[in-house]
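What follows is each chain in one-letter form.
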Amino acid sequence: MNTKPKGTYDILPEEVGKWQKLEDLIRKVCKLYNYQEIRTPIFESFDVFHRDQNDSSDMVTKETYDFLDRSDRKITLRPEGTAGVIRAYIENKLYVSNPVSKLYYLGPMFRYERPQKGRYRQFHQFGIEAIGSKSPLIDVETIALAKSILSGLGITDIKVKINSLGDSESRENYKKVLVNYFSNYQDCMCEDCKTRLQKNPLRILDCKIDRGQDFFIKAPKIKDYLNEESKNRFNEVLKALDGLNINYEVDDNLVRGLDYYSHTVFEIEANITELGNQNVLCAGGRYDSLVKDLGGPDTPGIGLAFGIERLLIATDLIGKKLNKLENNHVYLITLGPKAQLEGFKILNTLRLGGLRCEMDYLNGSLKSQFKKADNLNSLFTCILGDEELENFKINIKDNTTDVQETIGLYDVYKYVLNKLMANNKCAKCKESGDKNETND
Ligand code: AMP
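The following paragraphs examine the structure supplied in this document.

The rules behind these values
- Residues numbered from 1 in each chain as written.
- Predicted model: local features only at pLDDT ≥ 70, side-chain atom pairs only at ≥ 80, totals over all residues.
- Heavy atoms only, no water.
- Phe/Tyr/Trp six-rings, centres within 6.5 Å; stacked < 30°, edge-to-face > 60°.
- Helix = DSSP H or I, 4+ residues; strand = E, 2+ residues; numbered from the N terminus.
- Buried < 20%, exposed > 50% of the residue type's maximum accessible area, 1.4 Å probe, protein only.
- Lys NZ or Arg CZ within 6 Å of the ring centre and 35° of its normal.
- Pairing = 2+ DSSP bridges.
- Contact = heavy atoms within 4.5 Å.
- Axes fitted to C-alpha atoms, helices over the stretch in contact; angles between N-to-C directions.
- Near = heavy atom within 4 Å.
- Polar contact = N/O pair within 3.5 Å; in protein donor to acceptor, adjacent residues only side chain to side chain.
- Nonpolar A, V, L, I, M, F, W, Y, C, P; charged D, E, K, R; others polar.
- Lys, Arg positive; Asp, Glu negative; His and termini not counted.
- Salt bridge = Lys/Arg side-chain N within 4 Å of Asp/Glu carboxyl O.
- Parallel < 35°, antiparallel > 145°, perpendicular 65-115°, else oblique.
- Core = buried A, V, L, I, M, F, W, Y, C linked by side-chain atoms within 4.5 Å.

So, the packing of aromatic side chains
Here the structure, examined in full by the defined rule, presents 11 aromatic pairs. Judged by centre distance (5.8 Å) and plane angle (20 degrees), the rings of Phe126 and Phe306 are stacked. Here Phe306 lies in strand 11 (residues 301-307) and Phe126 lies in strand 6 (residues 122-131), a separation of 180 residues in the sequence. You can call Phe126 buried: its relative accessible area is 0%. Among the aromatic side chains, those forming a connected cluster through ring pairs are Tyr181, Phe182, Tyr185 and Phe215. The ring centre of Phe46 lies 3.9 Å from the NZ or CZ of Lys74, which sits over that ring. Above the ring of Tyr112, the side-chain terminus of Arg121 is found at 3.9 Å from the ring centroid.

Here it is, written out as structure tokens:
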């Protein structure tokens, strides 16, 4: 028997409901903020993710799935969403039609990591990219959008951590200061940080190993090396956060793992003890040189990403049930082959009319069919036997009231719809006239 590859998992039917609910929420919130979906390939040319020889992030150096295709092209399975979206933005010249492109993506990512709880080799991310504007307001809008998604899930006990890495001039000055400083402490540093000192000293501040040490805590802070322009910009971001009543904490050590960030970087942590060190639900930052680095026009951008698995774990932990079984509208019990065929036709008509319906395909007993109707949380159960069929009648039971009636064989649709409307179970249909949006 073949088994799934290491670090992957199946999303089974009983789980998929919560994925769909979360995806629906994401799409709804993105619409409110005027973000449009973009779907890019799951694999890209190797160079899209390995642009910079100096890029020292683990994801780029150790974790990508790289392979040669049958024509010896170097290919990489996408480990994150941003680079592919920017590649598509440039290649399709999205900047021509839209000075500011607000895009979102949702889908699987691949990283060759050591699998553990909440860490997989194929996992899913949702992310947004706002490309084309330098405005501090758009930085804050991305954070507001992330907060809306979290509150839609009932996750409100959160901490927004934010920092500014400044513009390239500020960062270059700061890097020099850091190299000078950390060079004195090489003996105390972990092996990774020694390499980071050469390749990207900023990333030392990300280190989980050296974090608690005295030399680390006393390291120079970027806020003291931001030039006036960068400082002013950061203040405007903070002012706009205040304007939206978004609480935040400025975290001097927040630099984020990737090398392309500038100015605003942020993370949103959930205060859920059981998440342990996996409590960062969302992370993002500004990348004002990435579009240019990837061969596009000099265009600023900002983005964020959520790990979907982690969001679902957090949602479970706060006790929110996303996978509540949706009601089936009608379950049809048939007795005998003639009734089965006629019932099958009726069911199809009900479905075309937007009702969720099911019947038995195993020729089960009356008892087992009733049980199935119950398992599906059916609002109505129809019973059709040969005698009813001969009289063009059908029995229908309203499972919320237990009232059973005999009605005309072809009146089921009208009957169910009237009942749903009368019980106000179908308020959404009334408002929108959309038959598919029935009570959930
Ligand atoms: P990153 O792209 O590394 O900033 O990660 C953004 C989010 O994606 C993290 O906060 C995690 O929730 C999620 N994530 C990253 N790597 C994995 C993984 N291997 N398995 C599951 N989720 C992941």
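Things to note about the pairing of strand 14 (residues 378-384)
For strand 14, a buried count of 7 out of 7 residues is recorded, marking the element as mostly surrounded by other parts of the structure. Bridge count between strand 12 (residues 328-334) and strand 14: 6 bridges; the pairing is parallel. Paired with Leu332 across the two strands is Cys382, which belongs to strand 14. Note: strand 14 against strand 15 (residues 393-398), 4 bridges, orientation antiparallel. Within the sheet, the bridge partner assigned to Ile383 lies in strand 15 and is Asn395.

Some thoughts on the sheet that holds strand 10 (residues 280-286)
Reading across the sheet, the 8 strands line up as 1-5-6-11-10-9-7-8 and stay open at both edges, with mixed pairing between neighbours. The open sheet has two free edges, formed respectively by strand 1 (36-37) and strand 8 (249-250), since each of these has just one partner strand. Packed on one face of the sheet, helix 6 (residues 136-152) meets strand 5 (101-110), strand 6, strand 7 (158-164), strand 9 (262-270), strand 10 and strand 11 and runs near 15 degrees to strand 11.

With respect to the site of the ligand
Contacts to the ligand come from Arg111, Glu113, Gly118, Arg119, Tyr120, Phe123, Gln125, Arg256, Val280, Gly307 and Arg310. The side chain of Arg111 places a nitrogen or oxygen atom 2.8 Å from an oxygen atom of the ligand. Between a nitrogen atom of the ligand and a main-chain N or O atom of Tyr120, the distance comes to 2.8 Å. The class makeup of the residues in the shell around the ligand is 3 nonpolar, 3 polar and 5 charged.

Quick notes on the side chain of Lys221
Following the sequence through the fold, Lys221 ends up in the loop between helix 9 (214-217) and helix 10 (228-243). One buried charged residue, Lys221, remains without a salt bridge, the closest side chain of opposite sign being Asp252 at 5.3 Å. One polar contact links the side chain of Lys221 to the main-chain carbonyl oxygen of Ile217, over a distance of 3.0 Å. Among the polar contacts made by the side chain of Lys221, one reaches the main-chain carbonyl oxygen of Ala219 at a distance of 3.3 Å. In this structure Lys221 touches Tyr174, Phe216, Asp252 and Asn253, once residues within four positions along its chain are discounted.

Observations regarding the packing of helix 1 (residues 13-32) against helix 12 (residues 308-317)
Closest axis-to-axis distance for the helix 1/helix 12 pair is 11 Å, and the angle between their directions is 105 degrees. Classed by the angle they form, the pair helix 1 and helix 12 counts as roughly perpendicular. Contact with helix 1, carried on its side by Lys18, Trp19, Leu22 and Ile26, involves Ile308, Glu309, Leu311, Leu312 and Asp316 of helix 12 and no other residues of that element. A class-by-class count of the residues in the contact of helix 1 with helix 12 yields 6 nonpolar, no polar and 3 charged.

Describing the sheet that holds strand 2 (residues 43-45)
With antiparallel pairing, the 3 strands of this open sheet are ordered in space as 2-4-3. This sheet does not close on itself; its edge strands, each paired only once, are strand 2 and strand 3 (66-68). If you compare each strand with its neighbour and ignore which way they point, the axes differ by 35 degrees on average. Of the strand pairs in this sheet, strand 3 and strand 4 (residues 74-77) are connected by 3 bridges, and their pairing is antiparallel. Note that in strand 4 the partner of Leu68 across the bridge is Lys74.

Some thoughts on the pattern of salt bridges
Across all of its chains, the model carries 25 salt bridges by this definition. Linking Arg73 and Asp69 is a salt bridge whose minimum nitrogen-to-oxygen distance equals 2.9 Å. Among the salt bridges present, the one from Glu228 reaches Lys231, with a minimum N-O distance of 3.8 Å. With Glu228 and Lys231 both in helix 10 and 3 residues apart, the pair spans about one turn of that helix. Taking the relative accessible area as the measure of exposure, Glu228 reaches 53% and is therefore exposed. What emerges from the salt-bridge pattern is a single network uniting Asp139, Arg233, Arg286 and Asp288.

A closer look at the nonpolar core
Formed by 47 residues in total, the largest nonpolar core has its most connected members in Leu22, Phe126 and Ile155. Counting residues per element, this core draws most heavily on helix 6, which supplies 8 residues. Here Ile155 is in contact with Leu150, Ala270, Leu281, Leu311, Ala314, Thr315 and Ile318, once residues within four sequence places are set aside. Membership of the second largest hydrophobic core comes to 38 residues, among which are Ile90, Tyr105, Val291 and Ala305.

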